[in-house]
Amino acid sequence: MRELETDRLLLRHWRPEDRAPFAVLNADPEVMEHFPALLTRRESDALADRIEAHMEYAGWGLWALDVRATGAFIGFTGLARPGFEAPFMPAIEIGWRLARTAWGQGFASEAARSVAQFAFGALELEQIVSLAVVANQRSRAVMRRIGMHHEPDGDFDHPQVGPPHLRRHVLYRLTAADWRAAGASAPA
Ligand SMILES: CC(C)(COP(=O)(O)OP(=O)(O)OC[C@H]1O[C@@H](n2cnc3c(N)ncnc32)[C@H](O)[C@@H]1OP(=O)(O)O)[C@@H](O)C(=O)NCCC(=O)NCCS
């Protein structure tokens, strides 16, 4: 499995010691505002198991994120295959979830750029998508920062989300052609 490095971050394999801080962020109401429920420790560990198993199998996935200066684990950023049917499927999704203390420093966008580069470089994907609850403005801002475009015609009701106010999702897309056209000069 490939690890990725940016100026400030290491995108790496998951480690056993990530489990405790991962459970803390999955139980934080602010981090989980746009998800149907907080995760228990058991559910958080099960999610980490699934992420690790996919990374082992595929060689890519949702990388664990470390701040290089401190070695602190702050969450994940990476690629996943949505596990439900929708008009835009099949597709590979780019996504992120960071501890509240790590917000507001550009870490998610910095990690996402290296993941997009991996998707279009090593994986040779032609496009990636990103999905979010309509009201998740912070996530949508990350999408815009890395050059993704909202496709209103692709917005959809998530079939696996129960609460009505969290069901409507936006669809953003980034093509390899647009990524290359934007070059390395994309604003931070
Ligand atoms: C979505 C999420 C990762 C976005 O985090 P974020 O901190 O807003 O995004 P970034 O890490 O890209 O940081 C951008 C902010 O850092 C600021 N910043 C500070 N230093 C910076 C730097 N060196 N470089 C770039 N931006 C910097 C930017 O100005 C921006 O601030 P703003 O939000 O006030 O405009 C975070 O809110 C989260 O984990 N949410 C919960 C999980 C979730 O909803 N995931 C998505 C599901 S679809």
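Report follows, based on the coordinates. Model, not experiment: these values are computed from the prediction.

Conventions and cut-offs
Here the residue index of a chain counts from 1 through its sequence in written order. Predicted model: local features are reported for residues with pLDDT of at least 70 only, side-chain atom pairs are reported and counted for 80 or more only, and whole-chain, interface and lining totals are derived from all residues. In computing side-chain values, all of the structure's heavy atoms are included and hydrogens and water are not. Side-chain rings of Phe, Tyr and Trp (the six-membered ring for Trp) are treated as a pair once their centres are within 6.5 Å; stacked means planes under 30 degrees apart, edge-to-face means over 60, and tilted covers the remaining angles. Only protein chains enter the accessibility calculation, which uses a 1.4 Å probe; a residue whose area is less than 20% of its type maximum is buried, one above 50% is exposed, and one in between is partly exposed. Whether a charge sits over a ring depends on NZ of Lys or CZ of Arg being within 6 Å of the ring centre and within 35 degrees of the ring normal. Strands here mean DSSP runs of E at least two residues long; helices mean DSSP runs of H or I at least four residues long; both are numbered from the N terminus. A contact between two residues is defined here by any heavy atoms of the two lying within 4.5 Å. The criterion for a residue being near a molecule or strand is simple. One of its heavy atoms has to lie within 4 Å of it. Within 3.5 Å is the distance limit for a polar contact, defined as a pair of N or O atoms, with the added protein rule that one can donate a hydrogen and the other accept it, and that residues adjacent in sequence qualify only through two side-chain atoms. Areas reported as accessible are Shrake-Rupley estimates using a 1.4 Å probe. Residue values count occlusion only from the protein chains shown. Each residue receives one of three labels: charged for Asp, Glu, Lys and Arg, nonpolar for Ala, Val, Leu, Ile, Met, Phe, Trp, Tyr, Cys and Pro, and polar for the others, Gly being one of them.

1. Regarding the packing of aromatic side chains
Argument step 1. This model, assessed by the stated rule, comprises 9 aromatic pairs.
Argument step 2. Here the aromatic rings of Trp14 and Phe22 are separated by 4.9 Å at their centres, their planes lie at 70°, and the arrangement is edge-to-face. An identical accessibility class is assigned to Trp14 and Phe22; each is buried.
Argument step 3. Their ring planes at 85° and their centres at 6.4 Å tell us that Phe84 and Phe88 sit as a pair that is edge-to-face. Of the two residues, Phe84 and Phe88, both sit in the buried class.
Argument step 4. Ring pairs connect the aromatic residues Trp14, Phe22, Phe73 and Phe76, which therefore count as one cluster.
Argument step 5. The ring of Phe35 has Arg97 lying over it, and the distance from NZ or CZ to the ring centre is 4.5 Å.

2. Quick notes on the side chain of Thr77
Argument step 1. Counting through the fold element by element, Thr77 comes out in strand β4 (residues 72–80).
Argument step 2. With residues up to four places along the chain from it excluded, the contact list for Thr77 reads Leu11, Gly61, Leu62, Trp63, Leu65, Gly95, Trp96, Leu98, Ala111, Ala112 and Val115.

3. Here we look at the site of the ligand
Argument step 1. The environment of the ligand is made up of 20 residues, and the closest members are Leu98, Gly104, Ala108, Ser109 and Arg138.
Argument step 2. Within the backbone of Trp96, a nitrogen or oxygen atom sits 2.8 Å from a nitrogen atom of the ligand.
Argument step 3. Protein burial of the ligand: of its 960 Å² of free accessible surface, 72% is covered by the chains.
Argument step 4. Looking at the shell around the ligand, the elements with two or more residues in it are β5 (93–98), α3 (107–120), β6 (127–133) and α4 (137–145).
Argument step 5. Of the residues forming the shell around the ligand, the biggest block, 4 residues, is contributed by α4.
Argument step 6. Broken down by class, the residue content of the shell around the ligand amounts to 10 nonpolar, 6 polar and 4 charged.

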